[in-house]
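Take a look at the letters that make up each chain.
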Amino acid sequence: MTPLGAKGGRVLKLRSEKTKRWILIPAAVVILLLIYGVAASQQKTPLQTELPQPKIPKPQFFCGYCHLLTYPSIVMKGYDTWKKGKHNKYGCVECHYPPTEAGTGTEIKHIPKKPPERFSYLPLGGGTVRTRPKITDASCMTANCHGKPEDKFKTKKIKFTEKVPFIHVQHLEKKNQIEGQQVNCTTCHQHETEKKHFQVAKETCHLCHFKNTKFNQDRGKCNLCHELPKKPIQTSGQKPITHEMLEKAKVSCGSCHYDVIKAAGGATYEAFFEDNVLKTTLVLGAGRIKKESCLACHDQPKDLKESGNKKLMHQKHVTDKNSRCLDCHRPIGHTKTDLNLPLRKYSMKDRCSACHPEPHNYQRLLIAGEKREGVIKSPDPMLKARTNCLACHVEMGVGSKGNRIMKASGKTCVACHTKEHNKMLQDWKTELTKELEAAKELEGEAQEALSKSTLPASELAEVKEWFENGRENLKLVLYGNGVHNKKYAMLLIDAAMGNFEDLLDELEELKGR
């Protein structure tokens, strides 16, 4: 191979320079095109300021045609529940806009030029609150819907639940309205969950019927919603006990059912007296306003100055804005208590618990009649019938320390049973006293035998446990007053006497070894 000369070096140098020029020229062209493209795009192509139009659901009368871009998730939820509901054959505007006055008064105008106040909106900035949609009663009561004359919708009896019938007209009368509130269709028929477009929440009924009312009085009267049960409560004894019989004897419903009203937020039960006789109970503090709920909607302190004005609050929130009751109030429950729960969970709670953690604990244990060693489970029949303390303790008296107490007597038994039951209470007391005296005498013998025994502690451990079990059974009868569950009290006494007798026999046997 021939070495490269000077001429060959010049040729390579020229070729290298030409290559550079061929590379630089296209690069410059590309840069110029990019600069021109950017400048042109800034001058001619506007920035995208709107989202692309969404796919509009069918049918075209769906409100999302206009409102979908405003708050799509809210509208779509409403659309989905509407499709599943009973009213899916009717367009949104047929309910959300009232009928016109023209012609028969049943025609529906199409979407107006401006949305009325009853529509929900969410403006930005300031102290604004998103309101709930409101449907006028006129939309519901057209001749094509629930206002058919032959239907008698407002006056006919409707099956609300298995046990509760319902009639509309009483709820719409002015005299039955809560101060500042005008009940209309959507006061009760609200969009509560995502399962249904609207429904009636039982909690709404409970709040109106039980807040600020005495048990079984005024709006809270049981027979406003419930018919008197026909099935006997108890069939044992000389005659069956029925609700009709108790009603004639003027026995309070609260005697068995005060616990069916359960209030959140620290409500308490207290006695209610008429002519110094206990008639019923009160639920105090039920359905209180949740102050934190105000702040969920109102972020301006000036908006909360009138929060204690009941009339104004109902006017602004319920009548005008269609708020749900439980948006502000704590719920009031209305159900039977599960009798399988531990007794202390459904016994009456009172303010005494601050200093007396377990008031009437022995009485409650006696009534519950739980299974114990050597004693079968035997709850008091009155507990099974849901009878509470206030069924028997209806006579006002004074205790040994001058404090007011509620006493029971044979008269109370007669109200629910027969005239012969007037002396039953005293008979029970006499019998239990006699049995307790015999058991206490045997307890003394067992205790004396234990104290005199010289046997080692290891051999006495088991018999001492028998003794303590027997003593605890007697305390339950003595301090709990055995008449609260006479059958269970007799079983406890028998078990205690058995423990003491076994103890004496065992000590004799150990001593003879």
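Keep in mind that this is a model prediction, so the values were computed, not measured.

Draft legend 1. Representation of the nonpolar core. Ile493 and Leu503 are the most contacted members of the largest nonpolar core, which totals 30 residues. Taken together, the elements giving at least two residues each to this core come down to helix 17 (424-452), helix 18 (457-480) and helix 19 (486-512). If one sorts the elements of this core by residue count, helix 19 sits on top with 12 residues. Apart from residues no more than four positions distant in its own chain, isoleucine 493 is found in contact with Leu432, Glu435, Leu436, Ala439, Leu474 and Val477. Counting 10 residues, the second-largest nonpolar core is a separate cluster that includes Leu207, Val260, Ala286 and Cys325.

Draft legend 2. View of the packing of aromatic side chains. The full count for this structure, using the stated rule, is three aromatic pairs. With 5.7 Å between their ring centres and 50° between their planes, phenylalanine 467 and phenylalanine 500 make a pair best called tilted. Residue phenylalanine 467 is found in helix 18, and its partner phenylalanine 500 is found in helix 19; the two are separated by 33 residues along the sequence. On the basis of relative accessibility, which here comes to 0%, the residue phenylalanine 500 falls in the buried class.

Draft legend 3. Inspection of the packing of helix 17 against helix 18 at higher detail. Close contact between helix 17 and helix 18 brings their axes to 11 Å; oriented N to C, the two are set at 155°. What the angle tells us is that helix 17 and helix 18 run roughly antiparallel. The two elements helix 17 and helix 18 cross, and the hand of that crossing is left-handed. Where helix 17 abuts helix 18, its residues Leu436, Ala439, Lys440, Glu443, Ala446, Gln447 and Leu450 lie against Leu460, Val463, Lys464, Phe467, Arg471, Leu474, Val477 and Leu478.

Draft legend 4. Geometry of the side chain of asparagine 184. Within the fold, asparagine 184 resides in the loop between helix 6 (169-172) and helix 7 (185-188). Polar side-chain contacts of asparagine 184 include one of 3.2 Å to the side chain of threonine 186. Beyond its immediate chain neighbours, meaning those up to four positions away, asparagine 184 contacts Lys134, Asp137 and Leu172.

Draft legend 5. Expanded view of the pattern of salt bridges. In the structure shown here, the tally under the stated rule is 11 salt bridges. The partner of glutamate 448 in a salt bridge is lysine 452, and the shortest N-O contact between them spans 2.9 Å. Residue glutamate 448 and its partner lysine 452 are both found in helix 17; the two are separated by four residues, about one turn of the helix. One network of salt bridges, in which partners are shared, links Lys440, Glu443 and Arg471.

Draft legend 6. Spotlight on the side chain of serine 378. With respect to the element layout, serine 378 can be found in the loop between helix 13 (361-368) and helix 14 (381-384). Apart from the residues within four sequence positions on either side, serine 378 is in contact with Gly369, Asn485, Lys487, Tyr488 and Leu491.

Here is what the cut-offs are and how they apply
Residues numbered from 1 in each chain as written. Predicted model: local features only at pLDDT ≥ 70, side-chain atom pairs only at ≥ 80, totals over all residues. Heavy atoms only, no water. Core = buried A, V, L, I, M, F, W, Y, C linked by side-chain atoms within 4.5 Å. Buried < 20%, exposed > 50% of the residue type's maximum accessible area, 1.4 Å probe, protein only. Helix = DSSP H or I, 4+ residues; strand = E, 2+ residues; numbered from the N terminus. Contact = heavy atoms within 4.5 Å. Phe/Tyr/Trp six-rings, centres within 6.5 Å; stacked < 30°, edge-to-face > 60°. Axes fitted to C-alpha atoms, helices over the stretch in contact; angles between N-to-C directions. Parallel < 35°, antiparallel > 145°, perpendicular 65-115°, else oblique. Left-handed = near helix turned anticlockwise from the far one by under 90°. Polar contact = N/O pair within 3.5 Å; in protein donor to acceptor, adjacent residues only side chain to side chain. Salt bridge = Lys/Arg side-chain N within 4 Å of Asp/Glu carboxyl O.

Note that every value here comes from positions in space, so none of it alone points to a role or purpose.
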